[in-house]
Amino acid sequence: MKAIETCQLTKNFGLSKGVFDLNLCVEEGERFGFIGPNGAGKSTTIKLLLNMIYPTSGAAFIFGMDCAKESARIKQGVGYVPSDVRMYKNFKVKDLLDYAASFYQDIDRAYVEELVKLFEVDISRKFGQLSFGNKKKVSVIQALMHRPKLILLDEPSNGLDPIMQERLFDVLERLSQDGSTVFMSSHNLDEVQRFCQKVAIIREGKLVRTAETSEISLERPKTIRISAAADVLSALSKQYTGSTLQNGVLTFTYQGDIGVLLRQLAALELTDVTISDVKLADAFMSYYGGRGNEYV
Amino acid sequence: MNMFKYELKLNCKTVLIWLIVCIGILLFLFAMFPLMELLGIQELIDNQLSQMPPEMQEIMGGQLNLTDLCQYFSSEFLYMVMAFCIFAGILGANALAREEYDGSIEFLYAKPVTRTQILTAKLTARFVLFTVFLMILTVISLGMGYVVRNDQTDFSAFAKGTLLMHVGAYIAGLFFLAVGMLISSTVKKGNMTIGLIIGIFFVTYIIGSASGLMEELRFLEWFAPAYYANPVEVMSDGLEPLKMAVLLVASVGAVALSYRQYNKKDFYV
């Protein structure tokens, strides 16, 4: 079953702002990353899924239910962590969590306490007195307390320190193993690469690409760094356009059969060779960094 | 029910502040009543009023006997009606827009609730709070009236008139509560709603004041909901059923429209 499906989903804010003809498909149990720069339409898409805003055209479905028509039923099984956490600032955290729990049946109080302990939240304090990071933790707890079938996260690690980020991904990992679907938008591409199985890239409101996270990295060119005698490097630099020679190290990007390159390099007298995997961040940059659509 | 309870809790403090202020004003008004006779204020006012044209006298409340508790209280109660209407309007105007302005709607509407449920919880909580608010003030008005009554006072007439004045003010307040809700469910910028409802109140109030200037402008009072429950008229002649019916129908209409607007609104957080 599809956890999320959007069909030609469009929200037009005018002046080319919004999302346009978005066709997304997230299978149940999948860990899905949604990446794009600011203003690309990530949060708009999530708000459409939550029925915070209505689509101009097209439709979105969660577990086969129309997001605009069956929103309340859908949300029984959805947990949402917004990017910017804003709740009732005069309420104590305990009251906020009780309020959040009151919307669901059969809340496992022990699990909520476990989350509170895990994220080290002081529930006796007023929400408005908390730092952004602590507010984020409260937001995470209220979103995960009912063990949702679908978890929507908008910049989840934003504001969390590295330890709390690690704990968050541990909890998400466990929920994922229990069958929950995780859909996260993020700027932190490394965490998307580490956690998500699939990734969609959105640019100016349009879906540029959906692929397996590993696929995007694998088909990307390799970064090659070679140390050798000057004449060898000079010859290689002529062969590989765009290469740079600095401090006796030749660096260039290679795309193609890696075996061919290795056979060529084996015939040369080299002092050192480094072949590095390109991270998702670099793939992402290729979509936004003005290097065109060579990997689309 | 959970949202209703939390709405009560969220707004308790605001209601309490307004209640304390209104009780303070009522205590002051009733404390002033014995002075009307003792300090000869009635005589002073009569002299001042007699120098004004009849139209101005009408606006100032006409020739009232301020040593009579019924006439005194009804002439001063217009300020209370204004306060109730503004308070109810603010309650309504804050209801939905504040969630968007503060961003907490992102928390609330991510929960398994419909927009209709959110609006109903907020509306009923405010309805209950405003009703309790008015009931407490009615009891205090009656109690204070009993304490400061003088030999001329027909207390049963005062009690009946006071009850009717509060009922009239309550219905006018409900109208502004409903209009506030409508504004709150429609306006995109959440920080504008309170300014709008207060603006609407004062514009209609000024129109109502102008209606008393000459007979030809009398029809303008239909555009001034606060004047539908004009305390001086209510105390002397009772409530006008037609005006009350108009207010109630208009309130129901505004609430119905609020549901329609809220159900198709985009939440910009």
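Preceding this paragraph is the structure being described.
This structure is a prediction, so every number in the text was calculated from the model and none was measured.

(A) Representation of the overall build of chain A. Of the regular secondary structure elements, chain A holds 11 helices and 15 strands. With respect to the principal axes defined by its C-alpha atoms, chain A has extents near 75 × 45 × 35 Å. Of the contacts formed within chain A by residues at least 6 apart in sequence, a portion of 70% connects residues at least 24 apart. Accessible surface for chain A amounts to roughly 13500 Å². Of this, 47% is attributable to carbon and sulfur atoms. Of the side chains in chain A, 36 bear a positive and 36 a negative charge, and the two mean positions are spaced by 6 Å.

(B) Expanded view of the nonpolar core. The biggest cluster of nonpolar side chains holds 97 residues, and the ones touching the most others in it are A:I4, A:I62, A:F119, A:L152, A:F183 and B:I118. Counting 59 residues, the second-largest nonpolar core is a separate cluster that includes B:I86, B:A172, B:Y227 and B:M244.

(C) Local environment of the sheet that holds strand β4 (residues 31–35) of chain A. Residues and elements named next belong to chain A. Here we have six strands laid out as an open sheet, ordered β7-β8-β9-β4-β10-β11, and mixed in their pairing. The outermost strands of the open sheet, each flanked by one partner alone, are β7 (78–81) and β11 (206–212). Averaged over all pairs of adjacent strands, the angle between strand axes in this sheet comes to 15 degrees, irrespective of strand direction. Pairing analysis gives five bridges linking β4 to strand β9 (residues 181–186), with the strands arranged parallel. Of the residues in β9, the one forming a bridge with F32 is F183. Packing against the sheet, helix α1 (residues 42–49) makes contact with β4, β7, β8 (150–154), β9 and β10 (198–203), and its axis sits at approximately 145 degrees to β8. Packing against the sheet, helix α5 (residues 132–144) makes contact with β7 and β8, and its axis sits at approximately 175 degrees to β7.

(D) Region of the structure containing the sheet that holds strand β14 (residues 249–254) of chain A. Residues and elements named next belong to chain A. With antiparallel pairing, the four strands of this open sheet are ordered in space as β13-β14-β12-β15. Looking at strand neighbours, the two that pair on one side only are β13 (244–246) and β15 (270–276), the edges of this open sheet. Pairwise comparison of adjacent strand axes, ignoring direction, gives a mean angle of 20 degrees for this sheet. Relative to β15, strand β12 (residues 222–228) is paired through six bridges, and the arrangement is antiparallel. The residue of β15 that forms the bridge with S227 is D272.

(E) Highlighting the state of the cysteines. In this structure the tally under the stated criterion is zero disulfides over all chains. No disulfide involves A:C25; its sulfur sits 9.0 Å from the nearest other cysteine sulfur, which is in A:C7. Between B:C12, a cysteine without a disulfide, and B:C22, which holds the nearest cysteine sulfur, the sulfur-to-sulfur distance is 16 Å. A residue is classified by how much of its surface remains accessible, and B:C12, at 43% relative accessible area, is partly exposed.

(F) Quick look at the pattern of salt bridges. The full count for this structure, using the stated rule, is 23 salt bridges over all chains. Of the charged contacts in the structure, one is a salt bridge between A:E120 and A:R167, with a shortest N-O distance of 2.8 Å. Taken together, the residues A:E120 in the loop between α4 (109–118) and α5 and A:R167 in helix α6 (residues 162–177) connect sequence positions 47 residues apart. Salt-bridge contacts for B:D102 lead to B:R98; the nearest nitrogen and oxygen are separated by 3.3 Å. Taken together, the positions of B:D102 and B:R98, both in helix α4 (residues 69–102) and four residues apart, correspond to about one turn of that helix.

(G) Representation of the side chain of B:S74. Residue and element names in this part refer to chain B. With respect to the secondary-structure elements, S74 resides in helix α4. By relative accessible area, which is 2% here, S74 ends up buried. Looking at S74, its side chain comes within polar contact range of the main-chain oxygen of Q71, at 3.1 Å. Among residues more than four places away in sequence, those in contact with S74 are M165, P231, V232 and M235.

(H) Broad picture of the interface of chain B and chain A. Contact residues are listed per partner, giving 28 residues for chain B and 29 residues for chain A. Where chain B abuts chain A, roughly 2700 Å² becomes buried across the two surfaces, and 59% of that area is made up of carbon and sulfur atoms. Taken together, chain B and chain A are joined by three salt bridges. Put simply, B:D266 and A:K11 hold a salt bridge, and the shortest N to O gap is 2.5 Å. Listed by contribution, the elements that provide at least two residues to the side of chain B that touches chain A are α1 (2–38), α4, α5 (105–108) and α11 (241–264) of chain B. With five residues, the top contributor of residues to the side of chain B that touches chain A is α1(B).

(I) Region of the structure containing the pairing of β11(A). Residue and element names in this part refer to chain A. Looking at chain direction, β10 and β11 are connected through six bridges and run antiparallel. In the sheet register, I202 faces β11, and the bridge partner there is L207. Linking β10 back to β11 in an antiparallel pair, the connection comprises two residues, with E204 at a positive phi of about 50 degrees.

(J) Summary view of α4(B). Residues and elements named next belong to chain B. Between the first and last C-alpha of α4 there are 46 Å, a value that for 34 residues agrees with the 50 Å anticipated at 1.5 Å per step. At L96, α4 shows its strongest bend, of approximately 45 degrees. Burial runs high along α4: 28 of the 34 residues are buried. Between the side-chain oxygen of the N-cap and the backbone nitrogen of C70 there are 3.1 Å, and the N-cap of α4 in question is D68. Phi turns positive, to about 85 degrees, at G103, one or two residues after α4.

(K) Structural context of α1(A). Residue and element names in this part refer to chain A. Of all eight residues that make up α1, seven are buried, and the element is covered over most of its length. Within the sequence span of α1, burial applies to K42, T44, T45, I46, K47, L48 and L49. Positive phi shows up at N51, right after α1, with a value of about 65 degrees.

(L) Quick look at the packing of helix α6 (residues 115–148) of chain B against helix α7 (residues 155–186) of chain B. All names here are of chain B. Two elements in contact, α6 and α7, have axes whose closest approach is 10 Å; the angle formed by their N-to-C orientations is 160 degrees. Accordingly, the angle class assigned to the pair α6 and α7 is roughly antiparallel. Seen along the crossing, α6 lies across α7 with a hand that is right-handed. Broken down by class, the residue content of the contact of α6 with α7 amounts to 16 nonpolar, seven polar and one charged.

Conventions adopted
- Residues numbered from 1 in each chain as written.
- Chains lettered and ligands numbered in written order.
- Predicted model: local features only at pLDDT ≥ 70, side-chain atom pairs only at ≥ 80, totals over all residues.
- Heavy atoms only, no water.
- Helix = DSSP H or I, 4+ residues; strand = E, 2+ residues; numbered from the N terminus.
- Contact = heavy atoms within 4.5 Å.
- Areas by Shrake-Rupley, 256 points an atom, 1.4 Å probe, with all protein chains shown as cover.
- Lys, Arg positive; Asp, Glu negative; His and termini not counted.
- Charge placed at Lys NZ, Arg CZ, Asp CG, Glu CD.
- Core = buried A, V, L, I, M, F, W, Y, C linked by side-chain atoms within 4.5 Å.
- Buried < 20%, exposed > 50% of the residue type's maximum accessible area, 1.4 Å probe, protein only.
- Pairing = 2+ DSSP bridges.
- Axes fitted to C-alpha atoms, helices over the stretch in contact; angles between N-to-C directions.
- Disulfide = S-S within 2.5 Å.
- Salt bridge = Lys/Arg side-chain N within 4 Å of Asp/Glu carboxyl O.
- Polar contact = N/O pair within 3.5 Å; in protein donor to acceptor, adjacent residues only side chain to side chain.
- Buried area = accessible area lost by both parts, 1.4 Å probe.
- Expected span 1.5 Å × (residues − 1).
- Bend = angle between axes of the 7 residues up to and from the residue.
- Parallel < 35°, antiparallel > 145°, perpendicular 65-115°, else oblique.
- Left-handed = near helix turned anticlockwise from the far one by under 90°.
- Nonpolar A, V, L, I, M, F, W, Y, C, P; charged D, E, K, R; others polar.

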